[in-house]
Amino acid sequence: MQPGTPPTVTPFLRTAAAYAWRLLVVGLLVHALFAVLGRFHEIGVAVFLGLVLTALLRPVADLVARLLPRAAAVALTLIVSIALVLGVLALVGEAVAGEQTTLVREFREGAGRIEHWLERPPFRLDPGTLSDLQSKVGDYLSSHRSALLSTAVSGAGHVVAVFATLVLGLFSAVFFIHSGDRHWAWFQEQLPSAVRDRVAIGGRAAWSTFTGYTHGIILVAATNAVLVGIALWALGVPLAVPLALLEFLAAFIPLVGSPVALAIATVVALASKGPLVAGLVVALIVVIGQIEGHLLHPLVMSWAVRLHPLVVAISVVAGSIAAGIVGAVVAVPLVSVVWSVHTALRAART
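Definitions and limits used
- Residues numbered from 1 in each chain as written.
- Predicted model: local features only at pLDDT ≥ 70, side-chain atom pairs only at ≥ 80, totals over all residues.
- Heavy atoms only, no water.
- pLDDT = per-residue confidence, 0-100.
- Helix = DSSP H or I, 4+ residues; strand = E, 2+ residues; numbered from the N terminus.
- Phe/Tyr/Trp six-rings, centres within 6.5 Å; stacked < 30°, edge-to-face > 60°.
- Expected span 1.5 Å × (residues − 1).
- Bend = angle between axes of the 7 residues up to and from the residue.
- Buried < 20%, exposed > 50% of the residue type's maximum accessible area, 1.4 Å probe, protein only.
- Salt bridge = Lys/Arg side-chain N within 4 Å of Asp/Glu carboxyl O.
- Patch = residues over 30% accessible without salt bridge, like charges linked within 9 Å, V, L, I, M, F, W, Y side chains within 5 Å.
- Areas by Shrake-Rupley, 256 points an atom, 1.4 Å probe, with all protein chains shown as cover.
- Core = buried A, V, L, I, M, F, W, Y, C linked by side-chain atoms within 4.5 Å.
- Contact = heavy atoms within 4.5 Å.
- Polar contact = N/O pair within 3.5 Å; in protein donor to acceptor, adjacent residues only side chain to side chain.

### Comments concerning the confidence of the model for the chain
And then number 1: Mean pLDDT over the chain works out to 79, with 75% of the residues at or above the 70 mark.
And then number 2: Per-residue pLDDT, averaged within each element of the chain, yields its smallest value for helix H5 (residues 129–143) (57) and its largest for helix H2 (residues 41–64) (89).

Put into structure tokens, the structure is as follows:
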């Protein structure tokens, strides 16, 4: 290069720099978005809950609206749904209360059996180790009673926040079910006319994917819960109904939730029925995992969620890191919606 000649930049470096500053801008926008959502995460969770309820109950409300006025149909649908949920919770509470005496006896006997089992080879646990552990736990609770009480009192604020989130989610669902299409039309009218068609295409794709995922995951979770409940009842494991409900809720976290719920069922089976029944529950984990992975998800979810299992796993882990259990639940439908919108817009451009 001669003196005075401006330095030349290779095309590769120029292209890399162009992409770099764009990635920085996108990264800043994503960081700002997550910062805002983190500050008002209760509102985000409530809106998400309202959308889930809308995806589940709007078809029912549309059917009822053929016989009743729209407002009455929405109110009747929500009231019956709330009554059904409360009835299930009452059934679970009744099952726990009815088995309380038996549970205490079986858990005590099971703890003794586990202790004797651990004292034999290959574990060779010192006799009385579990008893000493129980006494240490009791002493710890007694000595830290005031700290535990203050923690419980401070946790009351979280209970209020959860209740407020549930109420806001139900309140949002009322309006989404009643007139969500009008709200969406109003939102599109506020946008520049040049982008309305693209927003409409993306919105239709997003809602179709979200409703498909919601219906599919409900079906998968219900099937898992029924299979688990029947199997635990046949094996004589106590708390079969609450454990089936736990399996239903855990199935909303793909790949991770169901094994964790069944691991808890294994611990209950080990404490109440011994190692043999616990081993059968472990076999149940394998069988249900195969049914879910090779039958339910391909048949039920493939038409709504077209994501590679590795993408699902990374989404669940990233969501749990970002927002705990709520993030793990929201991650997969969020990624699915984003991908469906991208696919629909790309298809519209061709």
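### A look at the packing of aromatic side chains
And then number 1: For the structure shown, the criterion picks out five aromatic pairs.
And then number 2: Ring plane angle 70 degrees and centroid distance 5.0 Å describe the contact between Phe171 and Phe175, whose orientation is recorded as edge-to-face. Pair noted here: Phe171 and Phe175 are both in helix H6 (residues 145–189), with a separation of four residues, about one helical turn.
And then number 3: Linked through ring pairs, Phe48, Trp207 and Phe210 together constitute an aromatic cluster.

### Here we look at H2
In an α-helix, one turn spans 3.6 residues; hence positions three or four apart end up facing the same way.
And then number 1: For H2, spanning 24 residues, the distance from its first C-alpha to its last is 33 Å, which sits close to the expected 34 Å at 1.5 Å a residue.
And then number 2: Taking the largest bend as the criterion, H2 deviates by roughly 45 degrees, centred on Leu57, and proline Pro59 comes between one and four positions later.
And then number 3: What H2 keeps buried is the set Ala46, Gly50, Val52, Thr54, Ala55, Leu57, Arg58 and Ala61.

### Description of the pattern of salt bridges
And then number 1: Tallied over the full model, the rule gives two salt bridges.
And then number 2: Across the salt bridge formed by Arg58 and Asp181, the nearest N and O atoms sit 3.7 Å from each other. Note that Arg58 is positioned in helix H2 and Asp181 in helix H6, a separation of 123 residues in sequence.
And then number 3: Between Asp62 and Arg70 there is a salt bridge whose closest N-O contact spans 2.6 Å.

### Observations concerning a nonpolar patch on the surface
And then number 1: A cluster of nonpolar side chains, Val36, Phe40, Ile43, Val47, Leu168, Phe171 and Phe175, forms an exposed patch at the surface whose accessible area comes to about 620 Å².
And then number 2: For the nonpolar patch, the secondary structure elements donating two or more residues are H2 and H6.
And then number 3: Looking at the nonpolar patch, the element that brings in the most residues is H6, giving three residues.
And then number 4: Considering the arrangement of structural elements, one finds Ile43 in helix H2.
And then number 5: Classification of Ile43 as partly exposed rests on a relative accessible area of 45%.

### Concerning the nonpolar core
And then number 1: Ranked by size, the top nonpolar core spans 16 residues in total, and within it Leu232, Val237, Leu243 and Ala269 carry the most contacts.
And then number 2: When contributions to this core are tallied by element, the ones reaching two or more residues are helix H7 (193–235), helix H8 (240–250), helix H9 (257–273) and helix H10 (275–301).
And then number 3: With five residues, the top contributor of residues to this core is H10.
And then number 4: When neighbours within four sequence positions are excluded, Ala269 is seen to be in contact with Val237, Gly274, Val277, Ala278 and Val281.
And then number 5: One finds Ala221, Ile253, Leu307 and Val316 within the second-largest nonpolar core, a separate group that totals eleven residues.

### Some remarks on the side chain of Arg58
And then number 1: A polar side-chain atom of Arg58 sits 3.3 Å from the main-chain carbonyl oxygen of Phe176.
And then number 2: In this structure Arg58 touches Leu53, Arg70, Phe176, Ile177, Gly180 and Asp181, once residues within four positions along its chain are discounted.

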